[in-house]
There are 2 protein chains.
Amino acid sequence: MKRLAILGSTGSIGQSTLSIVEQFPERYSVVAVAAGRNLDEAFAQTVRWRPQVVSLATEELAGQLSARLRQAGVTGIDVVYGTEGTVACSTLPDADFVVSAIVGVAGLEATHAAILAGKPLGLANKECMVAAGEILTRAAREHNVPILPIDSEHNAVHQCLRVGAHAEVKNIWLTASGGPFRTLPLDQFASITPEQALKHPTWVMGRRITIDSASMLNKGLEIIEACRLFDVPASQVRVTVHPQSTVHSLVEYVDGSILAQISVTDMRLPILYALAFPERPASTLTFDMASLRHLEFEQPDFERFPCLRLAYEAAEKGGAHCIALNAADEVAVEAFLDRKIPFMGIPRTIEQVLASTTEAHPATIAGVLAADREARQTARALLA
Amino acid sequence: MKRLAILGSTGSIGQSTLSIVEQFPERYSVVAVAAGRNLDEAFAQTVRWRPQVVSLATEELAGQLSARLRQAGVTGIDVVYGTEGTVACSTLPDADFVVSAIVGVAGLEATHAAILAGKPLGLANKECMVAAGEILTRAAREHNVPILPIDSEHNAVHQCLRVGAHAEVKNIWLTASGGPFRTLPLDQFASITPEQALKHPTWVMGRRITIDSASMLNKGLEIIEACRLFDVPASQVRVTVHPQSTVHSLVEYVDGSILAQISVTDMRLPILYALAFPERPASTLTFDMASLRHLEFEQPDFERFPCLRLAYEAAEKGGAHCIALNAADEVAVEAFLDRKIPFMGIPRTIEQVLASTTEAHPATIAGVLAADREARQTARALLA
């Protein structure tokens, strides 16, 4: 029985993780959930899963949850809050595995603490690896903690990497759906509206990641994530546009063999893989090979999607530049959704913030968070 | 340094193996070659590679080679012949690895002897596994001998099987190019000529295997081979038609993940994989991912390609039925190439021979060879 701490339990990945626990009660139980601001869902999860610890965003929300649990006659549950609360979840002695699925840099400290506490990690939080990948992977190596990627691309890469040695990897090929503007001519990019950008062809996701998909900045973050997770330089992480999102990524070996992973587009699959690794429990998430007909691939267009180029530049410089890329994008996407800047204002903002970022490699999470705040301020100042 | 015994050194796989040895002189040397009837090539190989033992098909050829070697001043080489000679190659004490690439059942005894002598095996001989797979895999298990498949499909499967456990495999998907008649309407199959059938869209191969590709009997043999090599029932070996021959095969796991192997269509790649396993040396056999555009898949048509159905039936019954399938096909293909029967006469002949085959599982190579002779006689009698 693997006892899970789920950071971000009320989000999409958190809920999918709980659906896996529901499906495999003989394999998994829940000992801690960090639930953020969704009080109703946090209450429901606590009643259903009876974790030892529940963390909420604030003291006030924690108080409200405690009161509701008392009313419902649910006792013996430790209700905590804030960053300290999330860390209490991720380092709970009884937790055998931590699912890190809090969006943004908010989950960073708890994720780092989990590694320091020696907890194997399922990582769904892209920003953690982008902003603090150097720190997290160093800590993971030192504490011999496996990090299992919970997103379809890196999970696919993780699988494909099992058929060869690290030194035998020539290139990692991340597939990209290409987003809603894959075929849009460059001269129409100026008039892209938030409504158009929010329509993703294959995945239903949060607002920022959907815009990041449209600008391909999301793929850029994944390039950086791949560099950190799999310890390869940016030049060895390549992108191929694959509109069907059927092949989730590929690994090319020096002997000429390329391994690819194919599956349905359902996040429960990488979650199950991460939870069960190295085993593969039988699931109902079947891809119908017999009805597979076409797979298409094309080269990414760096002119229409300058975010890709910016991400490669940040990946090569590492440290503060990766932090700035992520932070500037988040601010710029917000401005785009608020109709303050056009779609191509997103890469312009990022480029300007990167240009004013000095090369640095924060060695602590506090340093990362400071660089993140600084980049956000720079971006906001630029947009004001 | 891995010292190789190459059975079938003058054939296509044998020569490709030697080109790999040429490319990696620090990794491989040649200690034995079984060269068949090609005296000139056997002489050239002996001079070039200086093996300890060379085997030819007959005593006469062996005498001729000895004379030529003496003339050329090449001494200290043991020239042998016949089945005994091939076995001397495959069991040579100094050989660390045996490449079994003699076409047909002729290589069977030497391949079996190699396993009994504990030699790791690169197996390019499909008929060995089809006719004697039960005996060979049992011997390989007992003597703890790895068998590495040297054909693009099973080599791809071998790679894809490395990311999960045997019990976690749901289906093995062999890709098939579909051959030259993939899109030909059923009513035109009656008039197929040998010239049409000999034009394979992607691979250049021998005459029988090219006809077997056109009838898809070749894929049928591979189904049986997969059952034996990977210890799965025929129901778990599926076929998907993939005209580009870019994906060489796939493995579907019970959790829903499918792993696929992609590479150039060059036999040196599976040969190198087999020789170097579990390592992957850097090669120049690069697949250009950046220019990959389309991959197409379709379901096989059992009506136009009845050989597929016959192979599944033989695979399920095993033993003598697999032997009969292979033997009857070889006789029928010869008759088709001699214009004695039409193209669809190939599956008709096989079906009739299978119908008159009694269920049996020969436990010895002699028993396999007897069953093979019997099936050929039945086929010839039917066609007379």
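Residues numbered from 1 in each chain as written. Chains lettered and ligands numbered in written order. Predicted model: local features only at pLDDT ≥ 70, side-chain atom pairs only at ≥ 80, totals over all residues. Heavy atoms only, no water.

Turning to the pairing of strand β9 (residues 237–241) of chain A, a few remarks are in order. Residue and element names in this part refer to chain A. With four of its five residues buried, β9 lies for the most part within the structure. Where strand β8 (residues 169–176) and β9 come together, five bridges link them in parallel fashion. For alanine 176, the partnering residue across the bridge sits in β9 and is valine 241. (Buried < 20%, exposed > 50% of the residue type's maximum accessible area, 1.4 Å probe, protein only. Helix = DSSP H or I, 4+ residues; strand = E, 2+ residues; numbered from the N terminus. Pairing = 2+ DSSP bridges.)

The next point concerns the domain arrangement of chain A. Residues and elements named next belong to chain A. Looking at the assigned domains, one finds that chain A contains domain 1 (2–149) and domain 2 (154–265 + 285–318). Across the contact, ten residues belong to domain 1 and 14 residues belong to domain 2. Across the domain 1/domain 2 interface, buried area totals approximately 1,100 Å², and carbon plus sulfur atoms make up 66% of it. Among the residues domain 1 hides against domain 2, the three largest losses belong to Lys126, Val130 and Pro149. Together they make up 52% of the total. Between domain 1 and domain 2 we count three salt bridges in total. (Domains from an automatic or database assignment. Contact = heavy atoms within 4.5 Å. Buried area = accessible area lost by both parts, 1.4 Å probe. Salt bridge = Lys/Arg side-chain N within 4 Å of Asp/Glu carboxyl O.)

It is worth spelling out the interface of chain A and chain B at this point. If you look at the interface, chain A gives 45 residues, while chain B gives 45 residues. Both faces combined, the contact of chain A with chain B buries some 3,800 Å², and carbon together with sulfur accounts for 54% of it. Linking chain A to chain B there are two salt bridges. The partner of Arg280(B) in a salt bridge is Asp255(A), with the nearest N and O atoms 2.9 Å apart. In this structure, the connection of chain A to chain B is made through 24 residue pairs in polar contact (both at pLDDT 80 or more). For the side of chain A that touches chain B, the secondary structure elements donating two or more residues are α7 (152–160), β8, β9, β10 (247–253), β11 (258–262), α11 (268–276) and β12 (294–296) of chain A. Here the element with the most residues in the side of chain A that touches chain B is β11(A); it accounts for five residues. For the side of chain A that touches chain B, the residue count by class is 23 nonpolar, eleven polar and eleven charged. (Polar contact = N/O pair within 3.5 Å; in protein donor to acceptor, adjacent residues only side chain to side chain. Nonpolar A, V, L, I, M, F, W, Y, C, P; charged D, E, K, R; others polar.)

This part covers α7(A). With nine of its nine residues buried, α7(A) lies for the most part within the structure. Of the positions making up α7(A), those classed as buried are Ser152(A), Glu153(A), His154(A), Asn155(A), Ala156(A), Val157(A), His158(A), Gln159(A) and Cys160(A).

On to the relation of the copies chain A and chain B, then. The pair of chain copies shares a relation made of a rotation about an axis and a shift along it. Rotating chain A by 180° and moving it 0.0 Å along the rotation axis overlays it on chain B with an RMSD of 0.0 Å. Within this description, the copies of the chain are treated as partners about a two-fold rotation axis. When the interface residues of chain A are mapped onto chain B, 100% of them are again interface residues, pointing to one common binding face. (Least-squares fit on C-alpha atoms with pLDDT ≥ 70 in both.)

Before going further, it helps to spend a moment on the sheet that holds strand β7 (residues 147–149) of chain A. All names here are of chain A. Across the sheet, seven strands lie side by side as β4-β3-β2-β1-β5-β6-β7; this open sheet has parallel pairing. Either end of the sheet is taken by a strand with one partner, and the two such strands are β4 (78–81) and β7. With strand direction ignored, the average angle separating the axes of adjacent strands in the sheet is 20°. Relative to β4, strand β3 (residues 53–56) is paired through four bridges, and the arrangement is parallel. Residue serine 55 lies in a different strand from β4, and its bridge partner there is valine 80. Docked against the sheet, helix α6 (residues 126–142) engages β5 (97–100), β6 (121–123) and β7, running at close to 150° with respect to β7. (Axes fitted to C-alpha atoms, helices over the stretch in contact; angles between N-to-C directions.)

Another aspect to go through is helix α9 (residues 207–215) of chain A. Within an α-helix, residues lying three or four positions from one another point in the same direction, as the helix has 3.6 residues per turn. Where burial is concerned, most of α9(A) is hidden: seven out of the nine residues are buried. Those residues of α9(A) that are buried are in contact with α6, α8 (194–197), α10 (217–230), α12 (306–317), α13 (320–337) and α14 (345–355) of chain A.

Residue and element names in this part refer to chain A. Of the two faces of β5, both are covered, the one formed by Phe97 and Val99 as well as the one formed by Val98 and Ser100. Looking at chain direction, strand β1 (residues 2–7) and β5 are connected through four bridges and run parallel. Looking at β5, one finds that leucine 4 is bridged to phenylalanine 97. Sheet topology places β5 next to β6; three bridges connect them, and they run parallel. Within β6, the residue paired with serine 100 across the bridge is leucine 123. Viewed along the sheet, the connection from β5 through helix α5 (residues 108–116) into β6 turns out right-handed. (Right-handed = clockwise from strand over helix to strand, strands pointing away.)

The next point concerns the pattern of salt bridges. Residue and element names in this part refer to chain A. In the structure shown here, the tally under the stated rule is 46 salt bridges over all chains. A salt bridge links aspartate 94 to arginine 3; the shortest N-O distance between them is 3.7 Å. Here aspartate 94, found in the loop between α4 (82–90) and β5, pairs with arginine 3, found in strand β1; they are 91 residues apart in sequence, far enough to count as distant. On the accessibility criterion, aspartate 94 (30% relative accessible area) is partly exposed. Residue class for arginine 3 comes out partly exposed when judged on its relative accessible area of 29%.

Next up on the list: the packing of helix α14 (residues 345–355) of chain B against helix α15 (residues 365–383) of chain B. Residue and element names in this part refer to chain B. The N-to-C vectors of α14 and α15 enclose an angle of 125°; their axes lie 10 Å apart at closest approach. For the element pair α14 / α15, the angle class is oblique. In this structure, the crossing between α14 and α15 has a hand that is right-handed. Judged by residue contacts, Thr349, Gln352 and Val353 of α14 engage Ala375, Thr378, Ala379, Leu382 and Leu383 from α15. Residues belonging to the contact of α14 with α15 are distributed by class as follows: five nonpolar, three polar and no charged. (Parallel < 35°, antiparallel > 145°, perpendicular 65-115°, else oblique. Left-handed = near helix turned anticlockwise from the far one by under 90°.)

In this section: the state of the cysteines. All names here are of chain B. Enumeration over the complete set of coordinates arrives at zero disulfides over all chains. Note on cysteine 227: no disulfide assigned, nearest cysteine sulfur contributed by cysteine 322 at a separation of 7.9 Å. Judged by its relative accessible area of 4%, cysteine 227 falls in the buried class. (Disulfide = S-S within 2.5 Å.)

Here the focus is the environment of Ile102(B). All names here are of chain B. In this structure, isoleucine 102 sits in the loop between β5 (97–100) and α5 (108–116). Residue isoleucine 102 is classed as buried on the basis of its relative accessible area of 18%. Between the C-alpha atom of isoleucine 102 and that of alanine 35, which follows or precedes it by 67 residues, the distance is 8.8 Å. What isoleucine 102 contacts, discounting residues up to four positions off in sequence, is Leu7, Gly8, Thr86, Gly107 and Asn125.

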